[in-house]
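# Breakdown of the fold
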Amino acid sequence: MIGRINHIAIAVPDLAAASTRYRDLLGARVGEPQALPEHGVIVVFVDTGNAKVELMAPLGEDSPIAGFLEKNPAGGMHHMCFEVRDIATATQRLVAGGARVLGDGRPRTGAHGLPVIFLHPKDFDGVLIELEEIGEG
Ligand SMILES: CC[C@H](C(=O)O)C(=O)SCCNC(=O)CCNC(=O)[C@H](O)C(C)(C)COP(=O)(O)OP(=O)(O)OC[C@H]1O[C@@H](n2cnc3c(N)ncnc32)[C@H](O)[C@@H]1OP(=O)(O)O
Ligand SMILES: [Co+2]
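For the protein chain, an unreviewed UniProt entry supplies the name Methylmalonyl-CoA epimerase and the organism Devosia nitrariae. Under the Sequence similarities (unreviewed entry) heading, UniProt states for the protein chain: "Belongs to the methylmalonyl-CoA epimerase family."

Here it is as structure tokens:
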């Protein structure tokens, strides 16, 4: 069911500083900031060729990563995103297997303009998992 790792997300307290570190210290290809108010974050994608790193900072009052950063003020790895071909089928299979799909259980449009869902970290060994539908591509 799951395919490639699409991205590994890091919640950061300072997006500009984190972007500069990846660009200047690690010599990585760093994209432009992308505000995602509907998700309560502003993100920068770092392209490593085989996957991406999603640097994320809170955006707005009730960001879903605010609590995470309170517990981890210096930042930390936040979630892993795997690619799937069919997110509806994946959702059905996961719910049938007892996994919790976060939110209202339906896909939302993610940073890449594709449908995504999130799975509760307590159901996957303490790791928040995101699934992104890349279709038949
Ligand atoms: C979709 C756009 C973009 C993209 O790539 O396309 C993004 O990725 S946006 C990313 C930001 N959005 C989300 O993360 C949405 C899904 N996340 C959530 O719904 C919440 O963050 C949730 C439910 C995972 C945690 O919410 P909250 O922190 O408010 O709840 P708790 O503090 O009660 O946490 C419950 C329990 O889970 C542990 N926890 C929280 N976050 C994480 C995490 N990232 N990884 C691992 N574990 C996490 C937390 O410590 C609590 O554990 P406990 O033992 O009870 O203390
Ligand atoms: Co993500």
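There is more to say after this.
Moving on to the coordination of the cobalt ion (ligand 2). Taken together, the protein donors to the cobalt ion (ligand 2) comprise His 7 (NE2), Glu 54 (OE), His 79 (NE2) and Glu 130 (OE), at separations of 2.1 to 2.4 Å. One way to put it: the six donor atoms around the cobalt ion (ligand 2) meet at angles of 77 to 169 degrees, and that makes the site octahedral. Ordering the donors of the cobalt ion (ligand 2) by residue number gives the pattern H-x46-E-x24-H-x50-E. Here Glu 130 lies in strand 9 (residues 128-133) and His 79 lies in strand 6 (residues 76-84), a separation of 51 residues in the sequence. Judged by its relative accessible area of 3%, His 79 is buried.

Most of strand 9 is tucked away: five of the six residues are buried. With six bridges connecting them, strand 6 and strand 9 associate as parallel partners. Within the sheet, the bridge partner assigned to Val 84 lies in strand 9 and is Glu 133. In terms of strand pairing, strand 8 (residues 115-119) meets strand 9 through four bridges, oriented antiparallel. Note that in strand 9 the partner of Ile 117 across the bridge is Leu 131.

Time to look at helix 1 (residues 15-25). The set of residues buried in helix 1 consists of Leu 15, Ala 18 and Ser 19. Buried positions in helix 1, seen along its axis, are confined to an arc of 100 degrees and lie on one side of it. Residues of helix 1 that are exposed and point more than 90 degrees away from the buried face comprise Ala 16, Asp 24 and Leu 25. Elements in contact with the buried residues of helix 1: strand 2 (29-30), strand 4 (41-47) and strand 5 (52-58). Its side-chain oxygen 3.1 Å from the backbone nitrogen of Ala 16, Asp 14 forms the N-cap of helix 1. Of the residues trailing helix 1, Gly 27 is marked for its positive phi of about 65 degrees.

As a matter of local geometry, ligand 1 sits amid 21 residues, with Glu 54, His 78, His 79, Ala 111 and Lys 122 nearest to it. In the model, a nitrogen atom of ligand 1 is placed 2.8 Å from a nitrogen or oxygen of the His 78 main chain. A total of 1100 Å² of accessible area belongs to ligand 1 in isolation, and the protein chains cover 69% of it. Looking at the shell around ligand 1, the elements with two or more residues in it are strand 5, helix 2 (66-71), strand 6, strand 8 and strand 9. Taken together, the residues of the shell around ligand 1 break down into eleven nonpolar, six polar and four charged.

Turning next to the pattern of salt bridges. Taken as a whole, this structure holds five salt bridges when the rule is applied. Among the salt bridges present, the one from Arg 23 reaches Asp 24, with a minimum N-O distance of 3.0 Å. A relative accessible area of 42% places Arg 23 in the partly exposed class. Residue Asp 24 is classed as exposed on the basis of its relative accessible area of 53%. In this structure, the salt-bridge partner of Arg 29 is Asp 47, at a minimum N-O distance of 3.8 Å. Taken together, the residues Arg 29 in strand 2 and Asp 47 in strand 4 connect sequence positions 18 residues apart. Its relative accessible area of 55% is what places Arg 29 among the exposed residues.

Analysis parameters
- Residues numbered from 1 in each chain as written.
- Chains lettered and ligands numbered in written order.
- Predicted model: local features only at pLDDT ≥ 70, side-chain atom pairs only at ≥ 80, totals over all residues.
- Heavy atoms only, no water.
- UniProt positions renumbered as here; feature names shortened; annotations may be inferred.
- Donors = N, O, S within 2.8 Å, 3.2 Å for Na, K, Ca; no water.
- Tetrahedral: all angles 85-135°; square planar, octahedral: opposite > 155°, others 65-115°.
- Helix = DSSP H or I, 4+ residues; strand = E, 2+ residues; numbered from the N terminus.
- Buried < 20%, exposed > 50% of the residue type's maximum accessible area, 1.4 Å probe, protein only.
- Pairing = 2+ DSSP bridges.
- Arc of directions from axis to C-beta.
- Contact = heavy atoms within 4.5 Å.
- Polar contact = N/O pair within 3.5 Å; in protein donor to acceptor, adjacent residues only side chain to side chain.
- Near = heavy atom within 4 Å.
- Areas by Shrake-Rupley, 256 points an atom, 1.4 Å probe, with all protein chains shown as cover.
- Nonpolar A, V, L, I, M, F, W, Y, C, P; charged D, E, K, R; others polar.
- Salt bridge = Lys/Arg side-chain N within 4 Å of Asp/Glu carboxyl O.

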